[in-house]
Amino acid sequence: MKKRRNQCYFLLGTIIMFLVSCFCSFGFVKENLEQATRKNSFESIYAHTTIDYIVPGPSNSQIDELESTEENGIKAVTPYYETTTVIDINGSSVNGTSILFPFAEKMKYTPYGSARITNGATELKGGDAVVDQAYLDNIGYGIGDNVSINIADREYTFKITSVAETNTYYNNGTIALILSRDAAHQLEEAGIKYSAAYISADDKAACETYLYSEYKPLSRLKGRSEYDSEDTYNQHLQDFNDADWSKEITNCQENYKVLSVKYDNVQTGIWINNLIMAIIIAIVIIVFNTVLLTNSGMKSFMKTFLVKKSGTKGAVKAFYKSGITANAVVFCIASTALYVFLAKKAHISLLDHQVLNCIIPILTAIIISTIMIGISSGYVEKHYKVKVIKKRDSTEEVQVEVI
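All of the points below concern the structure found in this document.

Parameters at a glance
- Residues numbered from 1 in each chain as written.
- Predicted model: local features only at pLDDT ≥ 70, side-chain atom pairs only at ≥ 80, totals over all residues.
- Heavy atoms only, no water.
- Buried < 20%, exposed > 50% of the residue type's maximum accessible area, 1.4 Å probe, protein only.
- Helix = DSSP H or I, 4+ residues; strand = E, 2+ residues; numbered from the N terminus.
- Arc of directions from axis to C-beta.
- Core = buried A, V, L, I, M, F, W, Y, C linked by side-chain atoms within 4.5 Å.
- Contact = heavy atoms within 4.5 Å.
- Axes fitted to C-alpha atoms, helices over the stretch in contact; angles between N-to-C directions.
- Parallel < 35°, antiparallel > 145°, perpendicular 65-115°, else oblique.
- Left-handed = near helix turned anticlockwise from the far one by under 90°.
- Nonpolar A, V, L, I, M, F, W, Y, C, P; charged D, E, K, R; others polar.
- Disulfide = S-S within 2.5 Å.
- Phe/Tyr/Trp six-rings, centres within 6.5 Å; stacked < 30°, edge-to-face > 60°.
- Lys NZ or Arg CZ within 6 Å of the ring centre and 35° of its normal.

This part takes up helix H2 (residues 60-68). The set of residues buried in H2 consists of Gln62, Ile63 and Leu66. Down the axis of H2, the smallest arc covering the buried residues is 110°, so these residues share one side. When the buried face of H2 is taken as reference, the exposed residues oriented beyond 90 degrees from it are Ser61, Asp64, Glu65 and Ser68.

As structure tokens, this is what we get:
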């Protein structure tokens, strides 16, 4: 009887609920987590850094001047070199964007500060390297791997010590290389100019006024020796002073307002997907159990294997209850396992609010299954009857019949 029961009910229910769990997980939960990851990555760089502006590169001497002038509202200037030079990781050539920082103590003002480190060291020093998540996903290398880059005929080496959230200012991720004091001095002596700088402001209004009206990237200003004549040099000076450098300044707050529009409906879409999931799960559980409950074959099964073995209404109710409960447990276990797999793949914390993508379908399965247990008990009470058979020895045998 037990073997036939498993074949007719538990096994079929297990297969169906597992398939429903897979369908919901890969059809809806996966999409929800991917959308949430993109939204979280986009918002993180604005919420978890103190970067207010990104400006074209200042000169070395200009940095101290900018930070020491209170009237401009600037708190910190964090310059960096940006390059797409091929780097070497563990002996393999890797393409991508590398960002070199000369001041390890200023990493808190960059997209690689401790608030955005997801794995590894949070205190960075010269010789360390940080890969962001997008870069890591692209290259497959991670913490402990050795990195080298050749600049101005010198090789500089680093070790990956940390993984950070994606630097969404770049499409394919970045690797941040923190220069030692000596390495930074060598690049300066080689005439390598800063590409840009992150600006953190004490007074945003004063900072914005200064940057948009007075700031000039002196790293772009060339020396007289780089020109053949005085006239061409003077023309360069004039062009430099007349240029509208404000067009190259990124206002991070304004940038967020413009770009965040495409993420406005993400949470709504997630809730819609969760609602669709809940409806699908409810329909499958209701239809599957209703069909089995009313199916003539199942009624015959009950009569043959339960009724003839002195079965009672309680035994029939227990049969359906155990089947519905087992199916719900299978769904809950499968859904939880698949959620953990998908969340880890999407780099979302298991305790993130996106855990609702797992909780909602599980709660739906539990609630609907509980309702179906009540319905099955009512159905058995109404459609099954107890028949008392008297034997010659005056004993009674209780038996259930299907009507």
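Text resumes after the structure shown.
Moving on to the nonpolar core. The biggest cluster of nonpolar side chains holds 49 residues, and the ones touching the most others in it are Leu33, Tyr80, Phe101, Tyr112 and Val130. Apart from the residues lying within four places of it in its own chain, the contact partners of leucine 33 are Tyr339, Leu342, Ala343, Ala346, Ile348, Gln354 and Asn357. Judged by nonpolar contacts, the second largest core, of 39 residues, contains Leu100, Leu187, Ala201 and Ile249.

Taken N-terminus to C-terminus, the directions of helix H8 (residues 266-294) and helix H10 (residues 313-345) make an angle of 155°; their axes are 12 Å apart at the nearest point. In terms of orientation, H8 lies roughly antiparallel with respect to H10. Between H8 and H10 the crossing geometry is right-handed. Counted together, Ile281, Phe288, Asn289, Leu292 and Leu293 of H8 and Tyr320, Ile324, Asn327 and Phe331 of H10 form the full contact between these two elements. Grouping the amino acids of the contact of H8 with H10 by side-chain chemistry returns seven nonpolar, two polar and no charged.

Attention now moves to the packing of H8 against helix H11 (residues 356-383). The contact between H8 and H11 brings their axes to 9 Å, and the two run at 25°. The orientation of H8 relative to H11 falls into the category roughly parallel. Between H8 and H11 lies a crossing of right-handed hand.

The next point concerns the state of the cysteines. Scanning the model with the defined rule gives zero disulfides in all. Take cysteine 22: it sits in no disulfide, and the sulfur closest to it among the cysteines is that of cysteine 24, at 9.6 Å. Free cysteine: cysteine 332, not disulfide-bonded; nearest cysteine sulfur from cysteine 358 at 8.4 Å.

Right, let's get into the packing of aromatic side chains. Aromatic rings in a pair are described by how distant their centres are and how their planes are angled relative to each other. Within the structure shown, the criterion is met by 14 aromatic pairs. Here a set of aromatic residues connected by ring pairs shows up, and it is made of Phe42, Tyr46, Tyr169, Tyr256 and Tyr263. The aromatic ring of phenylalanine 103 is capped on one face by lysine 106, whose charged end is 5.1 Å from the ring centroid.

Before going further, it helps to spend a moment on unusual backbone geometry. In this model, alanine 152 sits at a positive phi of 50°, which is unusual for a non-glycine residue. Tracing the sequence through the fold places alanine 152 in the loop between strand S8 (146-151) and strand S9 (154-164). Phi is positive for aspartate 153, which is not a glycine, with a value near 65°. Note that aspartate 153 resides in the loop between S8 and S9.

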